[in-house]
Amino acid sequence: PCLWVSNDARFAPRDWRNLVRLGQGSKLDKPRATGRFGLGFNSVYHLTDVPHVLSGDRLLLLDPHAAFVPGATPSQPGLLVDLPGLDLAAAFPDQFEPWAHFAALDADFDGTLFCLPLRSAAAASTSEISRRAYELRDALAVLDHFKALADQVLLFLRNVAEIHVATLDARGETP
């Protein structure tokens with residue numbers, strides 16, 4: 001199971017650079033910037049060990065363990081792919097089949113889409129990031145909690161006008 005989060009804003013080149021400099025606080029001199037302490041994106045590691053980010057025509061696959069993403073190393077723990085001309089869904093069908101429910105990887109995505117595969121119990125047993133598994137029921141509990149607080153949370157999200165939450169089954173359909 002995965003948690004998918006999207007918005008209608010594309011990453012600028014500086015956003016890609018800042019994302020791979022995890023925790024370095026590259027926005028400290030920008031008091032109105034979201035994530036100015038460099039910790040915002042790091043919060044995804046509570047749920048997953050291998051976050052993916054699609055924005056425009058680029059896909060970032062992060063793998064701090066350097067165990068799953070081809071070519072990832074401890075000093076370069078991920079892969080930033082320019083998508084035009086590639087057919088990742090054909091090359092890696094099991095890995096990229098779920099993306100078909102949200103975006104065509106062979107087209108320019110008009111926004112940003114985060115894919116956060118939940119950390120399984122097996123992955124948690126060897127993870128150097130967190131030994132806590134994040135099961136589907138945990139994700140659903142967080143979503144329920146968020147829905148209960150959404151009216152209060154939205155007060156502090158100046159660029160968010162609305163939020164949609166849906167659960168999809170393995171076929172990509174709403175149960």
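Above this text is the structure in question.
Since we're looking at a predicted model, the values are computed, not measured. (Residues numbered from 1 in each chain as written. Predicted model: local features only at pLDDT ≥ 70, side-chain atom pairs only at ≥ 80, totals over all residues. Heavy atoms only, no water.)

(A) Just the overall build of the protein, in detail. On a plain count of helices and strands, the protein comes out with five helices and five strands. Walking the protein from its N terminus toward its C terminus, one meets helices and strands in the order β-α-β-β-β-α-α-β-α-α. Burial statistics for the protein: of 175 residues in total, 30% are counted as buried. Once local pairs closer than 6 in sequence are excluded, the contacts in the protein between residues at least 24 apart make up 52%. For the protein, the accessible surface area stands at approximately 11200 Å², while carbon and sulfur atoms represent 56% of it. (Helix = DSSP H or I, 4+ residues; strand = E, 2+ residues; numbered from the N terminus. Buried < 20%, exposed > 50% of the residue type's maximum accessible area, 1.4 Å probe, protein only. Contact = heavy atoms within 4.5 Å. Areas by Shrake-Rupley, 256 points an atom, 1.4 Å probe, with all protein chains shown as cover.)

(B) Structural context of the sheet that holds strand S1 (residues 2-7). Here five strands make up an open sheet; going across it, the order is S1-S5-S2-S3-S4 and the pairing antiparallel. Of all strands in the sheet, those bounded by a partner on one side alone are S1 and strand S4 (78-82). The average undirected angle you get between the axes of adjacent strands in this sheet is 10°. Strand direction decides the pairing type here: S1 and strand S5 (residues 109-117), joined by six bridges, are antiparallel. Considered in S5, the bridge of Trp4 is made with Cys115. Along the sheet, helix H1 (residues 13-20) makes contact with strand S2 (52-56), strand S3 (58-62) and S4, crossing S3 at roughly 5°. (Pairing = 2+ DSSP bridges. Axes fitted to C-alpha atoms, helices over the stretch in contact; angles between N-to-C directions.)

(C) Geometry of the side chain of Ser55. Mapped onto the secondary structure, Ser55 falls in strand S2. Setting aside chain neighbours within four positions, we find Ser55 in contact with Ala9, Arg10, Phe11, Trp16, Phe109, Gly111 and Thr112.

(D) Examining unusual backbone geometry more closely. The backbone of Ala66 shows a phi angle near 55°, a positive value even though the residue is not glycine. Residue placement: Ala66 occurs in the loop between S3 and S4. According to the relative accessible area criterion, Ala66 is partly exposed, its value standing at 24%.

(E) Region of interest: the nonpolar core. Core analysis: the largest hydrophobic core is formed by 15 residues, its most contacted members being Leu54, Leu59, Leu83, Phe96, Trp99 and Leu105. Of all the elements, S5 adds the most residues to this core, at three residues. If we ignore the near neighbours within four places in the chain, the residues touching Leu54 are Leu59, Leu83, Trp99, Ala103, Leu105, Phe109, Gly111, Thr112 and Leu113. (Core = buried A, V, L, I, M, F, W, Y, C linked by side-chain atoms within 4.5 Å.)

(F) Quick look at the packing of aromatic side chains. According to the stated counting rule, one finds seven aromatic pairs in the structure shown. Seen in terms of ring centroids, Phe41 and Tyr45 are 6.4 Å apart; in terms of plane orientation they differ by 90°. Their pairing is edge-to-face. For the pair shown, Phe41 and Tyr45 are each scored as buried. The ring of Trp16 has Arg58 lying over it, and the distance from NZ or CZ to the ring centre is 5.8 Å. (Phe/Tyr/Trp six-rings, centres within 6.5 Å; stacked < 30°, edge-to-face > 60°. Lys NZ or Arg CZ within 6 Å of the ring centre and 35° of its normal.)

Purely geometric stuff here, so don't read any function into it on its own.
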